[in-house]
Amino acid sequence: MIEMKNLRKDFPVRVKAGRFRREKRVLTAVDGVSLSIAAGEMVGYIGPNGAGKSTTLKMLTGVLAPSAGEVSVCGLSPVAQRTRLALRIGVVFGQRSQLWWDLPLRESFRLLKHVYRVPAAEHETRLRRCRELLDLDAFMETPVRQLSLGQRMRGELTAALLHGPEVLFLDEPTIGLDVVSKQAVRSFLGELGRGGDVTLVLTTHDLADIERLCKRLVVIDHGRVVHDGTIEDLHSRYGSRRRLVADLDSPLPPGFALPGAVLSTVEADGHRVTFTLESIAAGAAVAALVNAASVRDLSVIEPDIEDVVARLYRCSITSTAQDGSSAS
Ligand SMILES: Nc1ncnc2c1ncn2[C@@H]1O[C@H](COP(=O)(O)OP(=O)(O)OP(=O)(O)O)[C@@H](O)[C@H]1O
(Lines give C-alpha, C1' and ligand atoms only; values in the text may rest on other atoms or scores of the structure.)
Protein backbone atom coordinates (compact mmCIF):
# COMPACT_ATOMS: atom_id res chain seq x y z
CA MET A 1 0.00 0.00 0.00
CA ILE A 2 2.90 2.34 0.83
CA GLU A 3 6.40 1.88 -0.54
CA MET A 4 9.45 4.03 0.14
CA LYS A 5 12.86 3.21 -1.27
CA ASN A 6 15.87 5.24 -0.21
CA LEU A 7 13.62 8.23 0.19
CA ARG A 8 15.50 11.43 0.80
CA LYS A 9 14.68 15.07 1.30
CA ASP A 10 17.26 17.84 1.35
CA PHE A 11 16.44 21.43 2.20
CA PRO A 12 18.72 24.26 1.19
CA VAL A 13 19.26 26.39 4.28
CA ARG A 14 21.32 29.44 5.17
CA VAL A 15 23.33 29.21 8.34
CA LYS A 16 25.31 31.84 10.21
CA ALA A 17 29.00 31.71 9.41
CA GLY A 18 30.78 34.36 11.42
CA ARG A 19 29.27 37.65 12.58
CA PHE A 20 27.84 38.97 9.34
CA ARG A 21 28.11 36.15 6.88
CA ARG A 22 25.57 33.49 6.05
CA GLU A 23 26.47 30.35 4.20
CA LYS A 24 24.33 28.08 2.06
CA ARG A 25 24.14 24.54 3.35
CA VAL A 26 22.05 21.48 2.69
CA LEU A 27 20.00 20.04 5.52
CA THR A 28 19.05 16.41 5.02
CA ALA A 29 15.71 15.99 6.77
CA VAL A 30 15.02 12.46 5.49
CA ASP A 31 18.08 10.39 4.75
CA GLY A 32 17.40 7.19 2.82
CA VAL A 33 14.21 5.84 4.37
CA SER A 34 13.04 2.49 2.99
CA LEU A 35 9.75 1.12 4.30
CA SER A 36 6.98 -1.02 3.03
CA ILE A 37 3.56 -0.77 4.69
CA ALA A 38 0.87 -3.31 3.83
CA ALA A 39 -2.86 -2.62 3.52
CA GLY A 40 -4.61 -2.54 6.89
CA GLU A 41 -1.45 -1.97 8.95
CA MET A 42 -1.42 0.58 11.75
CA VAL A 43 2.04 2.07 11.97
CA GLY A 44 3.37 4.51 14.54
CA TYR A 45 6.08 6.76 13.14
CA ILE A 46 7.96 8.35 15.98
CA GLY A 47 11.19 10.18 16.65
CA PRO A 48 12.60 13.17 18.52
CA ASN A 49 11.91 16.75 17.41
CA GLY A 50 13.33 17.44 13.98
CA ALA A 51 13.82 13.73 13.20
CA GLY A 52 12.07 13.97 9.83
CA LYS A 53 8.60 12.61 10.59
CA SER A 54 6.52 15.43 9.14
CA THR A 55 8.80 15.71 6.13
CA THR A 56 8.25 12.01 5.40
CA LEU A 57 4.47 12.41 5.70
CA LYS A 58 4.60 15.43 3.40
CA MET A 59 6.39 13.34 0.76
CA LEU A 60 3.86 10.53 1.18
CA THR A 61 0.97 12.92 0.67
CA GLY A 62 2.46 14.79 -2.28
CA VAL A 63 3.02 18.07 -0.44
CA LEU A 64 6.80 17.85 -0.89
CA ALA A 65 8.75 16.31 -3.76
CA PRO A 66 11.52 13.92 -2.67
CA SER A 67 15.11 14.94 -3.45
CA ALA A 68 15.93 11.31 -4.24
CA GLY A 69 14.52 7.82 -3.91
CA GLU A 70 11.14 6.38 -4.72
CA VAL A 71 7.77 6.64 -3.10
CA SER A 72 4.37 5.25 -3.96
CA VAL A 73 1.07 5.29 -2.07
CA CYS A 74 -1.88 3.21 -3.31
CA GLY A 75 0.27 2.51 -6.37
CA LEU A 76 0.41 6.24 -7.20
CA SER A 77 3.26 8.71 -7.26
CA PRO A 78 2.26 11.28 -4.61
CA VAL A 79 3.52 14.44 -6.32
CA ALA A 80 2.84 13.54 -9.95
CA GLN A 81 -0.58 12.06 -9.21
CA ARG A 82 -1.55 14.23 -6.27
CA THR A 83 -5.18 14.81 -7.30
CA ARG A 84 -5.88 11.13 -7.86
CA LEU A 85 -4.13 10.31 -4.62
CA ALA A 86 -6.21 12.87 -2.69
CA LEU A 87 -9.31 10.77 -3.40
CA ARG A 88 -7.71 7.71 -1.83
CA ILE A 89 -6.04 9.13 1.25
CA GLY A 90 -7.14 11.11 4.27
CA VAL A 91 -4.82 13.53 5.98
CA VAL A 92 -4.90 15.20 9.37
CA PHE A 93 -2.01 17.58 9.95
CA GLY A 94 -2.36 19.41 13.26
CA GLN A 95 -1.45 22.82 11.89
CA ARG A 96 -3.68 22.69 8.82
CA SER A 97 -7.42 22.47 8.78
CA GLN A 98 -9.67 21.00 6.16
CA LEU A 99 -12.66 22.69 7.73
CA TRP A 100 -14.17 26.07 6.84
CA TRP A 101 -13.38 28.35 9.75
CA ASP A 102 -16.57 30.44 9.67
CA LEU A 103 -19.01 27.67 8.84
CA PRO A 104 -20.70 25.27 11.22
CA LEU A 105 -19.11 21.84 11.27
CA ARG A 106 -22.15 20.36 9.53
CA GLU A 107 -21.67 22.75 6.56
CA SER A 108 -17.98 21.87 6.26
CA PHE A 109 -18.94 18.22 6.00
CA ARG A 110 -21.57 19.03 3.39
CA LEU A 111 -19.05 20.96 1.30
CA LEU A 112 -16.53 18.12 1.53
CA LYS A 113 -19.17 15.76 0.19
CA HIS A 114 -19.35 17.95 -2.94
CA VAL A 115 -15.59 18.50 -3.20
CA TYR A 116 -14.98 14.73 -3.22
CA ARG A 117 -18.22 13.94 -5.05
CA VAL A 118 -19.25 11.36 -2.48
CA PRO A 119 -22.61 9.66 -3.20
CA ALA A 120 -25.22 10.86 -0.68
CA ALA A 121 -25.86 7.44 0.88
CA GLU A 122 -22.16 6.77 1.45
CA HIS A 123 -21.68 10.23 2.91
CA GLU A 124 -24.60 9.73 5.29
CA THR A 125 -23.37 6.32 6.47
CA ARG A 126 -19.84 7.53 7.15
CA LEU A 127 -20.99 10.72 8.81
CA ARG A 128 -23.41 8.85 11.04
CA ARG A 129 -20.63 6.50 12.17
CA CYS A 130 -18.29 9.40 12.96
CA ARG A 131 -21.04 11.30 14.77
CA GLU A 132 -21.69 8.32 16.98
CA LEU A 133 -18.13 7.26 17.65
CA LEU A 134 -16.71 10.75 18.02
CA ASP A 135 -19.69 12.27 19.77
CA LEU A 136 -20.06 15.15 17.34
CA ASP A 137 -23.74 15.98 17.76
CA ALA A 138 -23.29 18.53 20.53
CA PHE A 139 -21.28 20.82 18.25
CA MET A 140 -22.38 20.03 14.68
CA GLU A 141 -23.98 23.49 14.40
CA THR A 142 -21.04 25.37 15.94
CA PRO A 143 -18.78 27.43 13.66
CA VAL A 144 -15.39 25.77 13.43
CA ARG A 145 -13.57 28.80 14.86
CA GLN A 146 -15.53 28.41 18.10
CA LEU A 147 -14.67 24.74 18.59
CA SER A 148 -12.25 23.62 21.29
CA LEU A 149 -9.09 21.90 20.10
CA GLY A 150 -10.48 18.48 21.01
CA GLN A 151 -13.78 19.16 19.22
CA ARG A 152 -11.94 20.46 16.17
CA MET A 153 -9.68 17.40 16.05
CA ARG A 154 -12.75 15.16 16.09
CA GLY A 155 -14.14 17.26 13.26
CA GLU A 156 -10.85 17.02 11.33
CA LEU A 157 -10.84 13.23 11.66
CA THR A 158 -14.36 13.07 10.31
CA ALA A 159 -13.46 15.41 7.46
CA ALA A 160 -10.51 13.19 6.56
CA LEU A 161 -12.70 10.08 6.42
CA LEU A 162 -15.88 11.19 4.68
CA HIS A 163 -14.63 10.25 1.21
CA GLY A 164 -13.71 6.72 2.38
CA PRO A 165 -9.89 6.84 2.08
CA GLU A 166 -7.80 3.68 1.97
CA VAL A 167 -4.92 5.30 3.85
CA LEU A 168 -5.08 7.77 6.70
CA PHE A 169 -2.06 9.92 7.58
CA LEU A 170 -2.20 11.58 10.96
CA ASP A 171 0.40 14.02 12.21
CA GLU A 172 0.14 14.28 16.02
CA PRO A 173 -3.59 13.53 16.25
CA THR A 174 -3.76 13.82 20.05
CA ILE A 175 -1.41 16.72 20.69
CA GLY A 176 -2.82 19.25 23.13
CA LEU A 177 -6.06 17.33 23.67
CA ASP A 178 -7.63 16.90 27.09
CA VAL A 179 -7.91 13.40 28.52
CA VAL A 180 -11.50 12.86 27.37
CA SER A 181 -10.88 13.96 23.77
CA LYS A 182 -7.65 11.94 23.64
CA GLN A 183 -9.58 8.91 24.77
CA ALA A 184 -12.32 9.53 22.19
CA VAL A 185 -9.82 9.96 19.35
CA ARG A 186 -7.82 6.88 20.36
CA SER A 187 -10.78 4.58 20.67
CA PHE A 188 -12.16 5.88 17.39
CA LEU A 189 -8.85 5.17 15.61
CA GLY A 190 -8.64 1.79 17.33
CA GLU A 191 -12.09 0.91 16.04
CA LEU A 192 -11.15 2.11 12.57
CA GLY A 193 -7.97 0.03 12.61
CA ARG A 194 -9.73 -3.11 13.81
CA GLY A 195 -11.99 -2.93 10.77
CA GLY A 196 -8.85 -3.45 8.68
CA ASP A 197 -10.17 -1.34 5.77
CA VAL A 198 -7.91 1.62 6.43
CA THR A 199 -4.13 1.70 6.55
CA LEU A 200 -3.05 4.12 9.22
CA VAL A 201 0.24 5.95 9.64
CA LEU A 202 0.52 8.27 12.59
CA THR A 203 3.24 10.41 14.07
CA THR A 204 3.06 11.22 17.73
CA HIS A 205 5.10 12.21 20.74
CA ASP A 206 2.53 10.53 22.98
CA LEU A 207 3.65 6.95 23.27
CA ALA A 208 0.33 5.91 24.78
CA ASP A 209 -1.11 6.50 21.28
CA ILE A 210 1.30 3.91 19.94
CA GLU A 211 0.66 1.44 22.74
CA ARG A 212 -3.08 1.69 22.24
CA LEU A 213 -3.11 1.68 18.46
CA CYS A 214 -0.07 0.43 16.62
CA LYS A 215 1.37 -3.05 16.35
CA ARG A 216 4.25 -1.73 14.32
CA LEU A 217 6.53 1.03 15.44
CA VAL A 218 8.99 2.80 13.18
CA VAL A 219 11.47 5.05 14.94
CA ILE A 220 13.31 7.65 12.92
CA ASP A 221 16.17 9.85 14.03
CA HIS A 222 18.26 12.27 12.00
CA GLY A 223 16.24 11.22 8.98
CA ARG A 224 17.09 7.52 9.30
CA VAL A 225 15.09 4.55 10.47
CA VAL A 226 16.61 3.31 13.72
CA HIS A 227 13.91 0.77 14.62
CA ASP A 228 11.19 -1.02 12.68
CA GLY A 229 9.24 -3.70 14.51
CA THR A 230 6.73 -4.35 17.25
CA ILE A 231 6.82 -2.70 20.66
CA GLU A 232 7.85 -6.10 22.06
CA ASP A 233 10.79 -6.19 19.62
CA LEU A 234 11.80 -2.80 20.92
CA HIS A 235 11.71 -3.99 24.52
CA SER A 236 13.74 -7.11 23.81
CA ARG A 237 16.26 -5.25 21.65
CA TYR A 238 16.86 -2.60 24.28
CA GLY A 239 16.78 -4.96 27.20
CA SER A 240 13.62 -3.69 28.89
CA ARG A 241 12.80 -5.74 31.92
CA ARG A 242 9.72 -6.28 34.02
CA ARG A 243 10.02 -5.29 37.66
CA LEU A 244 8.67 -6.96 40.76
CA VAL A 245 7.79 -4.57 43.58
CA ALA A 246 7.09 -6.12 47.00
CA ASP A 247 5.98 -4.65 50.31
CA LEU A 248 7.38 -6.77 53.12
CA ASP A 249 6.47 -7.18 56.80
CA SER A 250 10.18 -7.20 57.62
CA PRO A 251 13.34 -6.56 55.57
CA LEU A 252 14.89 -9.38 53.54
CA PRO A 253 17.55 -11.42 55.28
CA PRO A 254 21.09 -10.14 54.61
CA GLY A 255 22.57 -11.54 51.42
CA PHE A 256 19.18 -12.59 50.05
CA ALA A 257 19.30 -13.20 46.31
CA LEU A 258 16.63 -14.03 43.78
CA PRO A 259 18.35 -16.02 41.01
CA GLY A 260 17.71 -14.42 37.61
CA ALA A 261 16.75 -11.07 39.16
CA VAL A 262 18.60 -8.04 40.40
CA LEU A 263 17.62 -6.20 43.56
CA SER A 264 17.36 -2.72 42.12
CA THR A 265 15.92 -0.60 44.94
CA VAL A 266 15.34 -0.93 48.67
CA GLU A 267 13.03 1.66 50.26
CA ALA A 268 11.07 2.29 53.47
CA ASP A 269 13.78 0.86 55.71
CA GLY A 270 13.82 -2.37 53.74
CA HIS A 271 10.04 -2.80 53.74
CA ARG A 272 9.73 -2.15 50.02
CA VAL A 273 12.01 -3.86 47.50
CA THR A 274 12.11 -3.80 43.73
CA PHE A 275 13.66 -6.57 41.67
CA THR A 276 14.45 -6.24 37.99
CA LEU A 277 13.62 -9.57 36.34
CA GLU A 278 16.55 -10.43 34.10
CA SER A 279 16.14 -14.11 33.28
CA ILE A 280 13.35 -15.32 35.53
CA ALA A 281 9.64 -15.41 34.78
CA ALA A 282 7.42 -13.19 36.93
CA GLY A 283 5.53 -16.20 38.36
CA ALA A 284 8.73 -17.97 39.46
CA ALA A 285 10.09 -14.76 40.99
CA VAL A 286 6.87 -14.20 42.94
CA ALA A 287 6.92 -17.80 44.20
CA ALA A 288 10.57 -17.57 45.29
CA LEU A 289 10.01 -14.30 47.10
CA VAL A 290 6.85 -15.43 48.88
CA ASN A 291 8.74 -18.53 49.98
CA ALA A 292 11.60 -16.54 51.46
CA ALA A 293 9.88 -13.52 53.00
CA SER A 294 6.65 -12.37 54.55
CA VAL A 295 5.10 -10.44 51.66
CA ARG A 296 2.26 -8.01 52.34
CA ASP A 297 1.65 -6.86 48.81
CA LEU A 298 3.29 -7.18 45.43
CA SER A 299 2.97 -6.07 41.86
CA VAL A 300 4.66 -6.82 38.56
CA ILE A 301 5.38 -3.70 36.54
CA GLU A 302 5.61 -3.93 32.77
CA PRO A 303 8.52 -2.18 31.08
CA ASP A 304 7.77 1.42 30.35
CA ILE A 305 7.77 2.32 26.67
CA GLU A 306 8.80 5.91 27.53
CA ASP A 307 11.99 4.56 29.11
CA VAL A 308 12.88 2.30 26.26
CA VAL A 309 12.24 4.95 23.64
CA ALA A 310 14.30 7.50 25.59
CA ARG A 311 17.11 4.93 25.70
CA LEU A 312 16.80 4.32 21.96
CA TYR A 313 16.96 8.07 21.23
CA ARG A 314 20.07 8.33 23.42
CA CYS A 315 21.68 5.33 21.64
CA SER A 316 20.92 6.75 18.26
CA ILE A 317 22.29 10.19 19.22
CA THR A 318 25.49 8.52 20.45
CA SER A 319 25.89 6.40 17.32
CA THR A 320 25.21 9.41 15.09
CA ALA A 321 27.86 11.37 16.99
CA GLN A 322 30.28 8.44 16.53
CA ASP A 323 29.45 8.22 12.79
CA GLY A 324 30.12 11.94 12.53
CA SER A 325 33.44 11.74 14.34
CA SER A 326 34.67 8.78 12.32
CA ALA A 327 33.70 10.54 9.09
CA SER A 328 35.61 13.70 9.93
N1 LIG B 1 10.85 23.76 4.66
C2 LIG B 1 11.96 23.51 5.35
N3 LIG B 1 13.11 24.19 5.12
C4 LIG B 1 14.24 23.92 5.80
N5 LIG B 1 14.34 22.97 6.76
C6 LIG B 1 13.23 22.27 7.04
C7 LIG B 1 11.98 22.49 6.36
N8 LIG B 1 11.06 21.63 6.86
C9 LIG B 1 11.69 20.90 7.82
N10 LIG B 1 12.98 21.28 7.92
C11 LIG B 1 14.00 20.71 8.82
O12 LIG B 1 14.03 19.31 8.57
C13 LIG B 1 14.24 18.59 9.78
C14 LIG B 1 13.11 17.59 9.97
O15 LIG B 1 11.91 18.32 10.19
P16 LIG B 1 10.50 17.61 10.44
O17 LIG B 1 9.49 18.69 10.57
O18 LIG B 1 10.29 16.58 9.39
O19 LIG B 1 10.77 16.91 11.83
P20 LIG B 1 9.74 16.17 12.80
O21 LIG B 1 10.33 14.85 13.09
O22 LIG B 1 8.38 16.20 12.22
O23 LIG B 1 9.84 17.09 14.09
P24 LIG B 1 8.75 17.50 15.21
O25 LIG B 1 8.57 16.31 16.08
O26 LIG B 1 9.45 18.60 15.93
O27 LIG B 1 7.51 17.93 14.49
C28 LIG B 1 14.32 19.64 10.88
O29 LIG B 1 15.69 19.92 11.12
C30 LIG B 1 13.63 20.85 10.29
O31 LIG B 1 14.17 22.05 10.82
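Structure's up top.
Now for a description of the structure that goes with this document. Being a predicted model, the structure only gives us computed values, none of them experimental.

**Some thoughts on the nonpolar core**
Residues Val43, Leu157, Phe169, Leu200 and Val218 are the most contacted members of the largest nonpolar core, which totals 64 residues. Among all residues touching leucine 200, those that are not within four sequence positions of it are Met42, Val43, Leu168, Leu189 and Gly193. Among the nonpolar cores identified, the runner-up in size contains nine residues, and Leu244, Ala261, Val273 and Leu277 belong to it.

**Some points on the sheet that holds strand S4 (residues 68–73)**
Judged by pairing direction, the sheet is antiparallel, and its three strands sit side by side in the order S2-S1-S4 without closing on themselves. What marks the edges here is a single partner per strand, and that holds for strand S2 (21–37) and S4. Pairwise comparison of adjacent strand axes, ignoring direction, gives a mean angle of 30 degrees for this sheet. In this sheet, S2 lies alongside strand S1 (residues 2–17) in antiparallel orientation, the contact comprising 14 bridges. Of the residues in S2, the one forming a bridge with lysine 16 is arginine 22.

**Thoughts on helix H5 (residues 149–161)**
Taking 1.5 Å per residue as the helical rise, H5 with its 13 residues ought to reach 18 Å, and the 18 Å between its terminal C-alpha atoms agrees with that figure. Within H5, eleven of the 13 residues are buried, which leaves the element mostly enclosed by the surrounding structure. Those residues of H5 not exposed but buried are Gln151, Arg152, Met153, Arg154, Gly155, Glu156, Leu157, Thr158, Ala159, Ala160 and Leu161. Packed against the buried residues of H5 are strand S5 (89–93), helix H3 (105–115), helix H4 (120–134), strand S6 (167–171) and helix H6 (179–195).

Cut-offs applied
Residues numbered from 1 in each chain as written. Predicted model: local features only at pLDDT ≥ 70, side-chain atom pairs only at ≥ 80, totals over all residues. Core = buried A, V, L, I, M, F, W, Y, C linked by C-beta atoms within 7 Å. Buried ≥ 20, exposed ≤ 12 C-beta atoms within 10 Å, placed from the backbone. Contact = placed C-beta atoms within 7 Å. Pairing = 2+ DSSP bridges. Helix = DSSP H or I, 4+ residues; strand = E, 2+ residues; numbered from the N terminus. Axes fitted to C-alpha atoms, helices over the stretch in contact; angles between N-to-C directions. Expected span 1.5 Å × (residues − 1).

That is the geometry; function is a separate question.
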